[in-house]
Amino acid sequence: MDSYIKALLNYAIEKKLIEESDRVYCANGILALMQLDSYDSDCEAAAGEINVILDKLCDNAAERGIITDSITYRDIFDTALMGVLAARPSQIIEKFNSLYKDSPEKATDWYYEFSGDTNYIRRNRVAKILKWKYDGEYGAIDITINLSKPEKDPKAIAAAKNAPQSGYPKCQLCRESEGYTGRVDFPARQNHRIIPVKINGSEWFMQYSPYTYYNEHCIVLNSRHTPMVIDKSAFSKLFDFVTLFPHYFVGSNADLPIVGGSILSHEHFQGGRYEFAMERAPIEKEITFKGYEDVEAGIVKWPMSTIRLRSLNRASLTELADKILTCWRKYTDESAFIFAETDSVPHNTITPIARRRGEKYELDLVLRNNITTDEHPLGVYHPHAELHHIKKENIGLIEVMGLAVLPARLKAELEAVADAIVNRKDLRADELTEKHADWAEEFTGRYENINAGNIDGIIRDEVGRTFAAVLEHAGVYKRTAEGEAAFMRFIESVNKN
């Protein structure tokens, strides 16, 4: 193992995680974790990528009984190794702030690279994500099959049943996660560093997502463990962030179940340096809001019902966005099946996304409603049952903007569908393909010639077409004459208030 210990130290120096003068100190930290008394510092260093080096060290630790040989325990152990090589938070903050004085881009460029170099962002896993674009009615939307998260670990699941329950940290977004050792039901974070930012006069932090669904996928989190809420202050917070980082967009998941994100218990936003299809989508119908003539406004050509606002005056934008939100919260239009509440349970909320257009601020407000019925128990404005074979999960911020995060199961299932179509197998005879049979039979009828050379491209296009339908299902106003008329009734109600 000597050569791999030295290789890890060489990697850290090459990536400027540590200085040469830190070598002996960090070597001793690694030896302590490996439960070794010494190593040959003069040995030849093993070549390899960081994940190869860490895998070898985990292999050795497992062979010697230091860790259980399963993915969860290996992740905890290799994170501890990288934690030895990661600078203290104060040093990272000082470096970031120093670069920020030069430019926000330089600061985030360095911080993003650092987050990958420390293996907090596991680049080897992110690289496994299947990605392609589908060019349809709404422009080029992004389709991904998420293979970056490891499969559930049976050994860790079994251990978690007997482990004492802990309320620290309260969730994975809490600032107390920084440097945390981890446990079988909570990821290790010794290599994790967060950057303090001032948002709406209060303390927030910025970090990157370890799963990076798109370029520089960041998370902006409240320093307090407080629930998600979309209100007037949320718009101010979004504008504060894009003022600090004008090269990033930032948005919030909605604050209600079904249409909200996966963590509603901790207020946070998601942002990054990426142009989504929604951002490229044009205004389809210009609208005017009385008293806000300094704000350009319009309905976006997008499957989900979106109002776009743009102005140099962020105060006007904030006031108008709050007015639209307030009206939407209490808005009911039975003829369009829009109900503000049923049995005192609220249904209307908004998914907001902010960005800069030069000196101007731009805000997209996506109208959401989480009502359920017997026919659609998971949500009327949610992927309907006929689409669940591709997408059943909630439609959160990232997907609202036009990036599909599809489940890992689809890789094997779609490969089996392709094989069945080309080789004329019975789709209903295989559990991998059975759920896709109706869909496959429908789209194959639209192609004159399907063969081994074109089947993969056809399936990718059809998955993209299906995801566009998913977004249409999630839109509260359909892109029909009736839907447009109902949408305009809401706009008129805003102007009347």
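This section reports on the structure supplied with the text. (Residues numbered from 1 in each chain as written. Predicted model: local features only at pLDDT ≥ 70, side-chain atom pairs only at ≥ 80, totals over all residues. Heavy atoms only, no water.)

1. A closer look at the overall build of the protein
Then step 1. When you go through the protein residue by residue, the secondary structure sums to 16 helices and 15 strands.
Then step 2. In summary, the protein has a C-alpha radius of gyration of 25 Å against a globular reference of 23 Å for 497 residues, a match within 12%.
Then step 3. With the C-alpha coordinates of the protein rotated into their principal frame, the extents come out at 75 × 60 × 45 Å.
Then step 4. Expressed as a percentage of its 497 residues, the buried residues of the protein come to 55%.
Then step 5. In the protein, 64% of the contacts between residues at least 6 apart in sequence involve partners at least 24 apart.
Then step 6. As displayed, the protein has an accessible area near 22,400 Å², and 48% of this comes from carbon and sulfur atoms.
Then step 7. Across the protein, the centroid of the 61 positively charged side chains sits 3 Å from that of the 75 negatively charged ones. (Helix = DSSP H or I, 4+ residues; strand = E, 2+ residues; numbered from the N terminus. Rg over C-alpha atoms; globule rule 2.2 N^0.38 Å. Buried < 20%, exposed > 50% of the residue type's maximum accessible area, 1.4 Å probe, protein only. Contact = heavy atoms within 4.5 Å. Areas by Shrake-Rupley, 256 points an atom, 1.4 Å probe, with all protein chains shown as cover. Lys, Arg positive; Asp, Glu negative; His and termini not counted. Charge placed at Lys NZ, Arg CZ, Asp CG, Glu CD.)

2. Brief notes about the pairing of strand 2 (residues 139-145)
Then step 1. The element strand 2 is largely enclosed, with a buried count of 5 among its 7 residues.
Then step 2. Sheet analysis places strand 1 (residues 130-136) next to strand 2, joined by 7 bridges and oriented antiparallel. From the neighbouring strand, Tyr-134 faces strand 2, where its bridge partner is Ile-141.
Then step 3. Hairpin connection of strand 1 to strand 2: 2 residues between the antiparallel strands. (Pairing = 2+ DSSP bridges.)

3. Things to note about the sheet that holds strand 1
Then step 1. Pairing within the open sheet is mixed, and its 3 strands lie in the order 1-2-15. Two strands bound the open sheet, and with one partner strand each, they are strand 1 and strand 15 (403-406). Going across the sheet, the axis of each strand differs from the next one's by a mean of 20 degrees, ignoring polarity. (Axes fitted to C-alpha atoms, helices over the stretch in contact; angles between N-to-C directions.)

4. Some words on the nonpolar core
Then step 1. Residues Leu-8, Phe-289, Leu-309, Ile-324, Tyr-477 and Phe-490 are the most contacted members of the largest nonpolar core, which totals 93 residues.
Then step 2. Once residues within four sequence positions are removed from consideration, Phe-490 is found in contact with Ile-307, Ile-324, Cys-327, Trp-328, Tyr-331, Leu-367 and Tyr-477.
Then step 3. Counting 51 residues, the second-largest nonpolar core is a separate cluster that includes Val-366, Leu-427, Ala-468 and Val-470. (Core = buried A, V, L, I, M, F, W, Y, C linked by side-chain atoms within 4.5 Å.)

5. Describing the sheet that holds strand 7 (residues 268-272)
Then step 1. Taken in spatial order, the 10 strands of this open sheet run 3-4-5-7-6-13-14-10-9-8, and their pairing is antiparallel. Because the sheet does not close on itself, it has two edges, and the strands there are strand 3 (195-199) and strand 8 (283-287). Averaged over all pairs of adjacent strands, the angle between strand axes in this sheet comes to 25 degrees, irrespective of strand direction.
Then step 2. Across 4 bridges, strand 8 lies against strand 9 (residues 296-300) in antiparallel orientation. For Glu-286, the partnering residue across the bridge sits in strand 9 and is Gly-298.

6. Description of the environment of Leu-9
Then step 1. Tracing the backbone shows Leu-9 in helix 1 (residues 2-14).
Then step 2. Note on Leu-9: relative accessible area 0%, which makes it buried.
Then step 3. Measuring from C-alpha to C-alpha, the distance between Leu-9 and Glu-20 comes to 9.1 Å, with 11 residues separating the pair along the chain.
Then step 4. Residues contacting Leu-9, with those up to four places away along its chain left out, are Ile-18, Arg-23, Cys-26, Ala-27, Ile-30, Tyr-39 and Leu-85.

7. With respect to helix 3 (residues 50-63)
Then step 1. The terminal C-alpha atoms of helix 3, which comprises 14 residues, lie 20 Å apart, in line with the 20 Å expected from a rise of 1.5 Å per residue.
Then step 2. Of the positions making up helix 3, those classed as buried are Ile-50, Ile-53, Leu-54, Leu-57, Cys-58, Asn-60, Ala-61 and Ala-62.
Then step 3. Residues of helix 3 that are buried make contact with helix 1, helix 2 (23-34) and helix 4 (71-85).
Then step 4. Trailing helix 3 by a residue or two, Gly-65 shows a phi angle of about 75 degrees, which is positive. (Expected span 1.5 Å × (residues − 1).)

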